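Notes for the structure review
So you can see what is in the structure, the chains are spelled out below.
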Amino acid sequence: MAIRVLVVEDDPDSLELMTYLFHAFGHEAIGAHTGDEALVLAMSARPDLILCDLRLPGMDGFELLSRLKSDPYLQSIPVVAVTAYAMPGDRERVMSAGFQGYVTKPIDPQTFVRQAEEFSARA
Amino acid sequence: MRDKTAILRTRNRGATPGAFPDDVAERAQSQEDRARLAAIVESSDDAIIGQTLEGVVTTWNRAAERLYGYTAAEAIGNPITLTVPPERRDEIRDYLSRVRHGERVDHIETVRVRKDGSRIDVSITVSPIRDDAGTIIGLSKSARDITERRRFEAELRRKNIELEIASRANDHFLASMSHELRTPLNSIIGFTGTLLMKFPGDLTEAQDRQLQLIQVNARHLLSLINDLLNLAKVRSGHAEVQREPVEIREVVEEVAATLWPSAEAKGLRLAASLPPDRLQINTDRRSLIQILMNLTTNAIKFTKSGHVRIDVERVEHGSRGPEVALHVADTGLGIAPADQKRLFGAFEQLHPGIEQEDGGSGLGLHLSQRMAGLLGGRIEFASELDKGSTFTLFLPER
């Protein structure tokens, strides 16, 4: 079943990679470079899944998550974190913040889309 | 000439009138003692000041002259408040009354004033002086200049704050570096992946081959970055060790399950054995898994045929108390005696060809050894060329 994914990522090449992969696997993907853009697009496009890099300019991934969760129209959309896991305690922080799950960077192109599908299905 | 030790002379109330030679000898002895005591007081580095119960100075040693700037002549007969800044006058009343009740006032840190008006940080101790009958007849105050010490303490505090800031900056730096280094790899590994999956179109054999080479090297670079960042954290003392009770069985099963596919792909048997009773140790779970993964991955990597076994046993009398030993044994290439010395060195690769094939960085064992150290344990090994090796992680039970 095709899903619509909103990918929030400030590195343009990484964004291109992820949206390309989703398209290659038959899904629809839209991209946002910042948290603000993401909020606007989430409202208008109502995606089935939001993938969000934790490190974004301005509003970071955690703040974006909390904004999404506090909006009645958007709060039911599962949000998955994309992260490099630099610091100890990062995983716990991500899970307890309310993310559906996480994908580590650099992503594995072979399993990336399947992981996203699973997150979307589980929600 | 004023007798500076006047206050130290106890009033000889019990003296019998018409005392004889004994008394003379006694007086001579006590004069000698007095002289000795006087010398001690004079030579002391601390200011020693005798006072009446009303706080009038009766004796003033050389150190007091140096500390306060008043000569003995100038100080004696004057109230001690001469040296006390106005806002501290209450202190005098306070310690005078305490000492009158027989209390000793110990190492009070306060401020005094010199003859020239400048202020000094001092630490003072005041004790009662009693006569033979035990009556308190005055007080002895010793004062020490603690300006140096204060400055030293402030310096230390400042340095600690600096270190704290630097440490946090370093943490931030490592996190940024981690992110910065991984981002380009995302594109490299990612797009070689999409090309190899033939999404943009079919590939010739040469294109396929060359793309695979790019990907292998990108993975190698990634593991180098991971290991380097981990090592940086361990070295700078930023690696957090979170101790919790860990079930050894669970850890071994997790590692075995994860690596079973790669062992099977090479036709190797991967087996594990544990003692029948529950085995639990207090340690950092993530680090333990990382070390065990490293040792087992190595074993699989360097074994062409045969098996890799993980055996766990409890060592009652380890070198440092009860320990748990996790042995990873293989039937692989083994390590030549000449190479054994550099095994745990950073960036050491005994078989670069094999290492790089699976993305090894040459930091694995080095990092594992350091991590084992952080957990209070160590890694030991035994090996025979062409027969195999056994690497053992020892961890304290508690």
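What comes next is a walk through the structure. Remember, predicted model here, so these are calculated numbers, not experimental data.

**Let's talk about the interface of chain A and chain B**
Between chain A and chain B, the contact holds 23 residues from the first and 23 residues from the second. Of the roughly 2,200 Å² buried at the junction of chain A and chain B (both faces included), carbon and sulfur atoms supply 63%. Between chain A and chain B we count 0 salt bridges in total. In terms of residues, the side of chain A that touches chain B owes the most to one element, helix 1 (residues 12-24) of chain A, which gives 7 residues.

**Thoughts on the environment of L196 of chain B**
Residues and elements named next belong to chain B. Inspection of the secondary structure puts L196 in helix 5 (residues 147-196). According to the relative accessible area criterion, L196 is buried, its value standing at 18%. When the C-alpha atoms of L196 and R209 are compared, they prove to be 9.3 Å apart, with 13 residues separating the residues in sequence. Dropping the residues within four chain positions of it, L196 is found in contact with L203, D208, L211, Q212 and Q215.

**Some words on the sheet that holds strand 3 (residues 49-53) of chain A**
Residues and elements named next belong to chain A. Taking strand neighbours across the sheet as the criterion, the 5 strands line up as 2-1-3-4-5 in an open arrangement whose pairing is parallel. Of all strands in the sheet, those bounded by a partner on one side alone are strand 2 (28-32) and strand 5 (101-104). For this sheet, the mean inter-axis angle between neighbouring strands, taken without regard to orientation, is 25 degrees. One ladder, built from 4 bridges, connects strand 4 (residues 79-83) with strand 5; its direction is parallel. If you follow V80 over to strand 5, its bridge partner there is G101. Contacting strand 4 and strand 5, helix 4 (residues 90-97) crosses the sheet at an angle of about 140 degrees to strand 5. Across the sheet, helix 5 (residues 112-122) touches strand 3, strand 4 and strand 5, and the angle it forms with strand 5 is around 175 degrees.

**A closer look at unusual backbone geometry**
What you tend to see is this: most non-glycine residues have negative phi, and most peptide bonds are trans. P106 of chain A follows K105 of chain A through a cis peptide bond whose omega is -5 degrees. As for its position among the elements, P106 of chain A is in the loop between strand 5 and helix 5. The backbone of H107 of chain B sits at a positive phi, close to 45 degrees, despite the residue not being glycine. Note that H107 of chain B resides in strand 3 (residues 105-113). In the Ramachandran plot, K198 of chain B falls in the positive-phi region, its phi being about 65 degrees despite a non-glycine side chain. Along the chain, K198 of chain B turns up in the loop between helix 5 and helix 6 (205-235).

**Topic: the packing of helix 5 of chain B against helix 6 of chain B**
Residues and elements named next belong to chain B. Orientation of helix 5 relative to helix 6, taken along the N-to-C sense of each, is 165 degrees, at an axis distance of 9 Å. If you check the angle between helix 5 and helix 6, you find them roughly antiparallel. The crossing of helix 5 and helix 6 is left-handed. Residues of the contact of helix 5 with helix 6, tallied by class, amount to 16 nonpolar, 6 polar and 4 charged.

The rules behind the values
Each chain has its residues counted from 1, running along the sequence as written. Lettering of chains starts at A and numbering of ligands starts at 1, both following the order in which they are written. It should be noted that, the model being predicted, local features are given only for residues of pLDDT at least 70 and side-chain atom pairs only at 80 or more, the latter also being counted only at that level, while totals for whole chains, interfaces and linings use all residues. Hydrogens and waters are ignored; side-chain quantities use all the structure's heavy atoms. By the convention used here, residues are in contact when the closest approach between their heavy atoms is within 4.5 Å. Accessible area that two parts lose when put together, evaluated with a 1.4 Å probe and summed over both, is termed the buried area. The term salt bridge refers to a side-chain nitrogen of Lys or Arg lying within 4 Å of a carboxyl oxygen of Asp or Glu. Only DSSP runs of H or I with at least four residues qualify as helices, and only runs of E with at least two residues qualify as strands; both kinds are numbered from the N terminus onward. Relative accessibility under 20% of the residue-type maximum defines a buried residue, over 50% an exposed one, and the middle range a partly exposed one, all with a 1.4 Å probe and only protein chains included. In this scheme, strands are said to pair when DSSP sees at least two bridges between them. To obtain an axis, a line is fitted to C-alpha atoms, over the contacting stretch when the element is a helix, and the angle between two such axes runs from 0 to 180 degrees between their N-to-C directions. Should an angle lie under 35 degrees it is considered roughly parallel, over 145 roughly antiparallel, and from 65 to 115 roughly perpendicular; all remaining angles are considered oblique. Crossings are assigned a handedness: left-handed for a near helix turned anticlockwise from the far helix by less than a right angle, right-handed for a clockwise turn. In the scheme used here, Gly and all other residues not listed as nonpolar or charged are polar, with Ala, Val, Leu, Ile, Met, Phe, Trp, Tyr, Cys and Pro taken as nonpolar and Asp, Glu, Lys and Arg as charged.

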